[in-house]
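Descriptive structure summary
Here are the chains, one letter per residue:
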Amino acid sequence: MSEARVENIDAIKAFKAALWKFAESANVALSEAEADAMATLRWLDVEQRTYWQNAVRKSQENVVRCAEAVRHKKIFKDSSGRMPSAVDEEKALAKAKRMLEHAEQRLENVRKYTPRLQREILLYKGQAQRLATFVGAEIPAAAAKLDKMVRMLDAYVNLSAATSQTSTMSQPPPASAEQTPGD
């Protein structure tokens, strides 16, 4: 039987520790990524939807007020009997309509991208589950194999050391020059 060259069992132990550290880091990263994705979905679906719905409602009210102001300017004469200019009111109405259009577009984007984000999160979870399964199953199995390997190498090293000591003990001590046969 040939001998194995075991130089550093501690390197295997250090690798096992690094493997566990990786597993811990991977689990934390997976959890944080999922939490971030869910927080983004809640932000989009709840906060942004509510914000833009309120912005649309306020913009609609502002358009109605501005349109009413333009109508009053065009219907009623001023104190001198002339029709007053409605330029400022028409500018305000145009601005209110642009704000309404902007708010409606943003609300439509929220409605459009919320389901898309939900699908993307589900796809991410499917892919991330493969890593989570690997980390949860394969790393403990690999660590167990490394433990077994370390135990076997320790036993081998101890066996080699015991064999070396036994062979040196079984040899007769060297004869000293002072001893003479027949003493």
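Let me begin by describing the structure that accompanies this report.

**Structural notes on the overall build of the chain**
Along its length, the chain carries two helices and zero strands. Counting the 183 residues in the chain, one finds 18% classified as buried. Of the contacts formed within the chain by residues at least 6 apart in sequence, a portion of 82% connects residues at least 24 apart. In the form shown here, the chain has an accessible surface area of approximately 14,100 Å², with 57% of it arising from carbon and sulfur atoms.

**Some remarks on the nonpolar core**
Nonpolar side chains in soluble globular proteins tend to be buried together. Ranked by size, the top nonpolar core spans 13 residues in total, and within it Trp52, Val56, Val63, Leu93 and Ala103 carry the most contacts. Those residues in contact with tryptophan 52, other than ones at most four positions away along the chain, are His102, Ala103, Arg106, Leu107 and Val110. Grouped together as the second largest cluster of nonpolar side chains are nine residues, Ile9, Ala26, Ile139 and Val150 included.

**Considerations on the packing of aromatic side chains**
In total, this model carries one aromatic pair according to the counting rule given. On the basis of an interplanar angle of 85 degrees and a centroid distance of 4.8 Å, the ring pair of tyrosine 51 and tryptophan 52 is categorised as edge-to-face. The buried category is assigned to tryptophan 52, whose relative accessible area is 14%.

**A look at helix H1 (residues 9–75)**
Given 3.6 residues to a turn, an α-helix orients residues that are three or four positions apart in the same direction. Helix length check: H1 (67 residues) gives 96 Å between terminal C-alpha atoms against 99 Å at 1.5 Å per residue, within 8%. Bending of H1 peaks at approximately 30 degrees at the position of glutamine 48.

**Considerations on the side chain of glutamine 48**
Counting through the fold element by element, glutamine 48 comes out in helix H1. Judged by its relative accessible area of 17%, glutamine 48 is buried. If we ignore the near neighbours within four places in the chain, the residues touching glutamine 48 are Trp43 and Val110.

**Comments concerning the environment of tyrosine 124**
The residue tyrosine 124 is located in helix H2 (residues 87–170) in this model. Judged by its relative accessible area of 30%, tyrosine 124 is partly exposed. In this view, tyrosine 124 contacts Leu30, Ala33 and Glu34; residues no more than four positions away in its chain are not counted.

**What about the environment of lysine 77?**
As for its placement among the helices and strands, lysine 77 is situated in the loop between H1 and H2. Residue contacts for lysine 77: discarding those within four places in its chain leaves Arg82, Met83 and Pro84.

**Brief notes about the pattern of salt bridges**
Within the structure shown, the criterion is met by eight salt bridges. Arginine 49 serves as the salt-bridge partner of aspartate 45, at 3.0 Å between the closest nitrogen and oxygen. Taken together, the residues span about one helical turn, with aspartate 45 and arginine 49 both in helix H1 at a distance of four residues. A relative accessible area of 29% places aspartate 45 in the partly exposed class. Taking the shortest distance from any N to any O, the salt bridge between glutamate 90 and lysine 74 comes out at 3.0 Å. In this pair, glutamate 90 is assigned in helix H2 and lysine 74 in helix H1, connecting sequence segments 16 residues apart. The exposure class of glutamate 90 is partly exposed, given its relative accessible area of 35%.

**Points about a nonpolar patch on the surface**
The grouping of Phe22, Leu131 and Phe134 at the surface amounts to a nonpolar patch, some 270 Å² of accessible area in total. Its location among the elements puts leucine 131 in helix H2.

Criteria and thresholds
Residues numbered from 1 in each chain as written. Predicted model: local features only at pLDDT ≥ 70, side-chain atom pairs only at ≥ 80, totals over all residues. Heavy atoms only, no water. Helix = DSSP H or I, 4+ residues; strand = E, 2+ residues; numbered from the N terminus. Buried < 20%, exposed > 50% of the residue type's maximum accessible area, 1.4 Å probe, protein only. Contact = heavy atoms within 4.5 Å. Areas by Shrake-Rupley, 256 points an atom, 1.4 Å probe, with all protein chains shown as cover. Core = buried A, V, L, I, M, F, W, Y, C linked by side-chain atoms within 4.5 Å. Phe/Tyr/Trp six-rings, centres within 6.5 Å; stacked < 30°, edge-to-face > 60°. Expected span 1.5 Å × (residues − 1). Bend = angle between axes of the 7 residues up to and from the residue. Salt bridge = Lys/Arg side-chain N within 4 Å of Asp/Glu carboxyl O. Patch = residues over 30% accessible without salt bridge, like charges linked within 9 Å, V, L, I, M, F, W, Y side chains within 5 Å.

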